[in-house]
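A look at the structure
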Amino acid sequence: MMMLAQLWGGVFDTSPLKIFEDFNQSLPFDQALWAFDILGSIAHVSMLGKQGYLTEEEAHTLVLGLQSLYQELEAGTTPIDMACEDIHSFVEKTLTDRLGTVGKKIHMGRSRNDQVALDMKLYTRAKITQLIVQVEGLVHALCTQASQNLNTIMPGFTHLQVAQPITFGHHLMAYTEMFLRDRSRLSDCLVRLNTCPLGAGALATSTFNLDRQFVAEQLGFDDVTYNSLDTVSDRDYLIELLSDLSLVMMHLSRLSEELVLWNSQAFGFVVLEKSLCTGSSMMPQKQNPDGAELIRGKTGRVYGSLISLLTTMKSLPLAYNKDMQEDKEPVFDAITQVSGCLEIMRAMISGLRANAESMRKLCEKGFIAATDVADYLVNKGVPFRESHELVGAIIRHCQAENLTLEQLDLPTLRGFSSLFDADFFESIALEACINQRNIVGGPAPAQVQSRINTVLEILS
Ligand code: ARG
């Protein structure tokens, strides 16, 4: 039976059980790290050359070998040899096969423990940068859709009950605030993870005089890490990332849920682009909002990744333990899912059409201007609590007579309070209700427009 190519055979006088080899192998998933493993190795080899542990020629040969392997893997001309235990073994074995003895020198002063910590940091650093761009793309799409709907009046809800009038633009812009916070959390995660693990070795650094600062600079880190045990044991940054991604998904799932509701016949607030819906195998009429539903569904999966890694790391003694190999699949999967969800949500937001008529129609129900009636009386000198009570009684009257607030006549209103005047009716028109809420954070079109401008400036 073929044995996997391993880096640690010396002490063993038996070969591992095949089922254990398969169980232990990480190459099927850690091959995603190939580019970062090679970049890290280039920095390590350059440092070994600079410190005199490799001759200039040896360092040069190794760097060239690593660079050409990088190019071949990028071009897809060299396959990753699945007979290796992990990506680190594959890179070292390939170099040794190609370059002979000099290839065997690459791993001096290094362990797979600091190497894998480095690879994961470089990988997540690159992915976070891409995710930030995608979050910004979604924020852009929301701003564009919002600016087209500054005057599209819709009911705002609390408890999913009609509450006060807002605009569709105002509602969409609520999500830009969430995604801007996500963006800031992701950038923050980048700042904290940006310290270089290489040089920590297996757990206790190295007997060689490694220039850790040089390696850190080569790889674009702000600093090195300061305790070798912590360095090889630390997966905080991955948990932090998964937590940030869970929040992104929480926001995406809330927006998805609203899209599903709004797109339903019951609401009819929006029409989603057909190219982002699917049909039913039985019911010919169906156009289901699967994009939004899938995002809602994948949220559970991303939360699962967070809980998975938190649980893996719980109670692990220092320093490295093989348990930590289990960090990769949840992190890779969460990044892939969030990236896909951001892309689909951007497309759904860009392509949706708001149905102003349905939104307005629902505003006619539920006494949406009730707070404005109360405020009307407050403006005429009635204390708010008294006015609230009085408007409650007016609404009870409307409910009994099956009337809307707009349908009341002045004499009836005056029966409740002599302060009601002809200006009452214009003050509870939907447009007035919105324009009257003209302070920072409010739904008045001028306020929403001003926030759109600021958000676009933040992104530029
Ligand atoms: N595949 C391992 C991981 O992902 C790499 C580190 C292996 N270290 C070790 N001492 N076996 O964690």
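Please refer to the structure higher up on the page.
All values reported here derive from a predicted model rather than from experimental measurement.

Turning next to the overall build of the protein chain. Counting secondary structure elements, the protein chain contains 19 helices and 6 strands. For 460 residues, the compact-globule estimate of 2.2 N^0.38 gives 23 Å, and the protein chain exceeds it by more than 25% at 31 Å. Considering only C-alpha atoms, the protein chain reaches an extent of 100 × 55 × 40 Å along its principal axes. The 460 residues of the protein chain split such that 49% are buried. A separation of at least 24 residues holds for 75% of the contacts in the protein chain among residues at least 6 apart in sequence. Total accessible area computed for the protein chain in this model is approximately 22100 Å², and 54% of it derives from carbon and sulfur atoms. Here the protein chain carries 37 positive and 55 negative side-chain charges, and the mean point of each set is 3 Å from the other.

Now for helix H15 (residues 384–401). An α-helical turn contains 3.6 residues, so any two residues separated by three or four positions project in the same direction. For H15, built from 18 residues, the straight-helix expectation of 26 Å at 1.5 Å per residue is met to within 8% by its first-to-last C-alpha distance of 25 Å. Listed in full, the buried residues belonging to H15 are Ser387, Val391, Ile394, Ile395 and Cys398. Taken around the axis of H15, the buried residues stretch over an arc of 100 degrees, which confines them to a single face. Opposite its buried face, H15 presents the exposed residues Arg385, Glu386, Glu389, Arg396, Gln399 and Ala400, each directed more than 90 degrees away. Where the residues of H15 are buried, they touch helix H14 (370–379) and helix H16 (410–416). Immediately downstream of H15, the backbone of Asn402 shows phi near 55 degrees, a positive value.

Looking now at the site of the ligand. As a matter of local geometry, the ligand sits amid Ser26, Asp86, His88, Arg112, Asn113, Val116, Tyr320, Lys322, Gln325 and Lys328. Ser26 places a polar side-chain atom, nitrogen or oxygen, 3.3 Å from a nitrogen atom of the ligand. The separation between an oxygen atom of the ligand and a polar side-chain atom of Tyr320 is 2.4 Å. Contact with the protein chains hides 85% of the accessible area of the ligand, taken as 340 Å² for the molecule alone. With 3 residues, helix H6 (residues 112–147) is the largest single contributor of residues to the shell around the ligand. The residue makeup of the shell around the ligand, split by class, is 2 nonpolar, 4 polar and 4 charged.

Here we come to the nonpolar core. The tendency in soluble globular proteins is for nonpolar side chains to be buried side by side. Phe179, Leu245, Leu252, Leu259, Met345 and Ile349 are the most contacted members of the largest nonpolar core, which has 108 residues in total. In terms of residues, this core owes the most to one element, H6, which gives 14 residues. Ignoring anything within four residues of it in the chain, the contact list for Leu252 reads Leu138, Phe179, Ile295, Cys341, Leu342 and Met345.

Here the structure, examined in full by the defined rule, presents 1 cavity of 30 Å³ or more. If you add up the space inside the largest cavity, you get close to 40 Å³. Along the walls of the largest cavity sit His44, Met47, Gly109, Leu198, Gly199, Leu210, Arg212 and Val215, which together make up its complete lining. Those elements giving two or more residues to the lining of the largest cavity turn out to be helix H3 (34–50) and helix H8 (212–218). Looking at the lining of the largest cavity, its residues break down into 4 nonpolar, 3 polar and 1 charged.

Calculation criteria
Residues numbered from 1 in each chain as written. Predicted model: local features only at pLDDT ≥ 70, side-chain atom pairs only at ≥ 80, totals over all residues. Heavy atoms only, no water. Helix = DSSP H or I, 4+ residues; strand = E, 2+ residues; numbered from the N terminus. Rg over C-alpha atoms; globule rule 2.2 N^0.38 Å. Buried < 20%, exposed > 50% of the residue type's maximum accessible area, 1.4 Å probe, protein only. Contact = heavy atoms within 4.5 Å. Areas by Shrake-Rupley, 256 points an atom, 1.4 Å probe, with all protein chains shown as cover. Lys, Arg positive; Asp, Glu negative; His and termini not counted. Charge placed at Lys NZ, Arg CZ, Asp CG, Glu CD. Expected span 1.5 Å × (residues − 1). Arc of directions from axis to C-beta. Near = heavy atom within 4 Å. Polar contact = N/O pair within 3.5 Å; in protein donor to acceptor, adjacent residues only side chain to side chain. Nonpolar A, V, L, I, M, F, W, Y, C, P; charged D, E, K, R; others polar. Core = buried A, V, L, I, M, F, W, Y, C linked by side-chain atoms within 4.5 Å. 1 Å grid on protein atoms, 1.4 Å probe; cavity = no way out; pocket = protein on both sides within 12 Å on 5 of 7 lines; lining within 4 Å. Points joined across faces, edges and corners; volume = space filled by probe spheres on them.

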